[in-house]
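Working through the structure, step by step
Read off the chains here:
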Amino acid sequence: MPELSIIIPTLDPNIEFSWEEKLVDAAVEGEILVCTEGSAAAARNKGIREANGEKLVFLDDDSVPKGEYFDRVSELLDEYPAVTGRIHDTGSPYTRGLSGQYDQGDNGHVTDTVVGCNMAIRRDVLEDVGGFDERLPYGHEEVELIDRVFESYTVWYSPDLLVEHPFAESIPDYLEKQYRHGKESIPYYKIRGENVPRRIMRFILIPTYYLDSTVSKSIISTVGQVVSNIGMLHGYLTYELASSDHLTTAETD
């Protein structure tokens, strides 16, 4: 029986990974489950159901684990119920650094920030809190899951648990992602039982959401936040005003 199950949602059932040899050469035995069902949440849940390992690793199809990633994640899951690590942004130089979630520093610590392209959870934890909420069609599904994990467990950030992953391939790609994440944040807020209009106004009015380390990055960040705000307003009209009463706080399977 494998010790690790690496679960990857993708739209390409024939995808191959440049890092497979790393798993073959690792001291721990592992399996790769490529899942193409519907949304990322549905695909990951299928992977959980089909996994044979007790330690479940979640990567995106464009995540590239570096170093002795698989041995390290196995060691960490012996000690912690859930872990995440550093993400090296290999995307467009114009958008690198715009995601403050990718690098949480050089020291290991308990974190409340997890990105789905580099996370791992013990099976017993998922059996306790439930899987990914499939009511979330794009994005936020890992955040909502980790919200439930936080209620009973801690998540450990380890800087040496490193993957390479592009935040955005270009400025248009970045803006599209900002719009989609903005729009699909609305069902996430509704599931959490939050005041959605107040949330939207917070993002629109707080200046720090528009600022970055340099003038050029601040300009791109400002445009990105404006696009995200437009997405949130569209999402509000789509989900809040379209009789979406099914998006209420509920326990997932």
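The protein chain is annotated in an unreviewed UniProt entry as Glycosyltransferase 2-like domain-containing protein of Haloarcula hispanica. For the record of the protein chain, the UniProt heading Sequence similarities (unreviewed entry) holds the text "Belongs to the glycosyltransferase 2 family."

For side chains bearing opposite charge, pairing can occur when the charged atoms are close. Enumeration over the complete set of coordinates arrives at 19 salt bridges. Two residues, Arg-72 and Glu-75, come together in a salt bridge whose shortest N-O distance is 3.4 Å. Placement of both Arg-72 and Glu-75 in helix 3 (residues 69–79) is noted, with a separation of three residues, approximately one turn of the helix. Two residues, Arg-148 and Glu-144, come together in a salt bridge whose shortest N-O distance is 2.7 Å. Taken as a pair, Arg-148 and Glu-144 lie in helix 5 (residues 141–150) at a separation of four residues, close to a single helical turn.

Let us now look at the side chain of Arg-199. Structurally, Arg-199 can be placed in helix 7 (residues 196–205). Given a relative accessible area of 18%, Arg-199 falls into the buried group. With near-sequence residues (within four places) excluded, Arg-199 lies in contact with Tyr-189 and Glu-194.

What counts, and where the lines are drawn
- Residues numbered from 1 in each chain as written.
- Predicted model: local features only at pLDDT ≥ 70, side-chain atom pairs only at ≥ 80, totals over all residues.
- Heavy atoms only, no water.
- UniProt positions renumbered as here; feature names shortened; annotations may be inferred.
- Salt bridge = Lys/Arg side-chain N within 4 Å of Asp/Glu carboxyl O.
- Helix = DSSP H or I, 4+ residues; strand = E, 2+ residues; numbered from the N terminus.
- Buried < 20%, exposed > 50% of the residue type's maximum accessible area, 1.4 Å probe, protein only.
- Contact = heavy atoms within 4.5 Å.

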